[in-house]
Amino acid sequence: VQLQASGGGLVQAGGSLRLSCATSGLTFNRYTMAWFRQAPGKEREFVAAIRWTSSTHYLDSVKGRFTISRDNAKNTVYLQMNNLKPEDTAVYHCAGDREVILSSIRVPNQYDYWGQGTLVTVSS
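Let me begin by describing the structure that accompanies this report. (Residues numbered from 1 in each chain as written. Predicted model: local features only at pLDDT ≥ 70, side-chain atom pairs only at ≥ 80, totals over all residues. Heavy atoms only, no water.)

What about the packing of aromatic side chains?
Remark: the centre distance and the inter-plane angle together describe each pair of aromatic rings, the angle taken between the planes. Summed over all chains, the structure comprises five aromatic pairs. Note on Tyr31 and Tyr113: the rings are 6.3 Å apart at their centroids and 40° apart in plane angle, and the pair reads as tilted. Residue Tyr31 is located in the loop between β3 (17–24) and β4 (32–38), and its partner Tyr113 is located in strand β10 (residues 113–114); the two are separated by 82 residues in the primary sequence. Where Phe36 meets Tyr111, the ring centres are 5.4 Å apart and the plane angle is 75°; that geometry is what we call edge-to-face. Pair noted here: Phe36 is in strand β4 and Tyr111 is in the loop between β9 (90–97) and β10, with a separation of 75 residues, a long-range link. (Phe/Tyr/Trp six-rings, centres within 6.5 Å; stacked < 30°, edge-to-face > 60°. Helix = DSSP H or I, 4+ residues; strand = E, 2+ residues; numbered from the N terminus.)

Things to note about the nonpolar core
In this structure, Trp35, Leu79, Met81 and Tyr92 are the most contacted members of the largest nonpolar core, which totals 29 residues. Excluding residues that lie within four positions of it along the chain, Leu79 makes contacts with Leu17, Arg18, Leu19, Trp35, Val47, Ala48, Phe66, Thr67, Ile68 and Tyr92. With eight residues, the next largest nonpolar core counts Phe36, Phe46, Val100 and Tyr111 among its residues. (Core = buried A, V, L, I, M, F, W, Y, C linked by side-chain atoms within 4.5 Å. Buried < 20%, exposed > 50% of the residue type's maximum accessible area, 1.4 Å probe, protein only. Contact = heavy atoms within 4.5 Å.)

Description of the state of the cysteines
Throughout the structure, instances matching the rule amount to one disulfide. Here Cys21 connects covalently by a disulfide to Cys94, the sulfurs 2.1 Å from one another. Taking the torsion about the sulfur-sulfur bond, which here is approximately 60°, the covalent link between Cys21 and Cys94 counts as right-handed. Of this pair, Cys21 sits in strand β3 while Cys94 sits in strand β9, and the two are 73 residues apart along the sequence. For the pair Cys21 and Cys94, one class covers both residues: buried. (Disulfide = S-S within 2.5 Å.)

A word on the environment of Pro86
Mapped onto the fold, Pro86 is located in the loop between β8 (76–81) and β9. Pro86 sits in the partly exposed class, given a relative accessible area of 35%.

Thoughts on the pattern of salt bridges
Counted according to the given criterion, the structure contains four salt bridges. The partner of Asp88 in a salt bridge is Arg37, and the shortest N-O contact between them spans 2.9 Å. Residue Asp88 is located in the loop between β8 and β9, and its partner Arg37 is located in strand β4; the two are separated by 51 residues in the primary sequence. Per residue, the accessibility class of Asp88 equals that of Arg37, and both read buried. The salt bridge partner of Asp60 is Lys63, with a shortest N-O separation of 3.2 Å. One salt-bridge network, in which partners are shared between bridges, spans Arg37, Glu45, Arg65 and Asp88. (Salt bridge = Lys/Arg side-chain N within 4 Å of Asp/Glu carboxyl O.)

What follows is the structure in structure tokens.
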């Protein structure tokens, strides 16, 4: 199983980025996929998730700014990030699991598969 995240970069506050996570080796359309982020010196933090049903879940501070989506034909999950803020600066990781339950969807250790991370830097 491989998860390959891409799309990070340096952007000014108020700007946008679109992250992608291409996967292989898993039955993508049956997996819950998620994005987590980790800023220097901080714990890994849930950002967004999309279940195989396409229901979505978000960290409160990104609601209305970030949108998670999936393309089952391309085995890829996306995170569209708009109106970025300096506090969004972090390494963003994609994760996937087939059996994560709804009550644990925000818990990092419930996900078996992880991508390598892509750095998002938002300047003020």
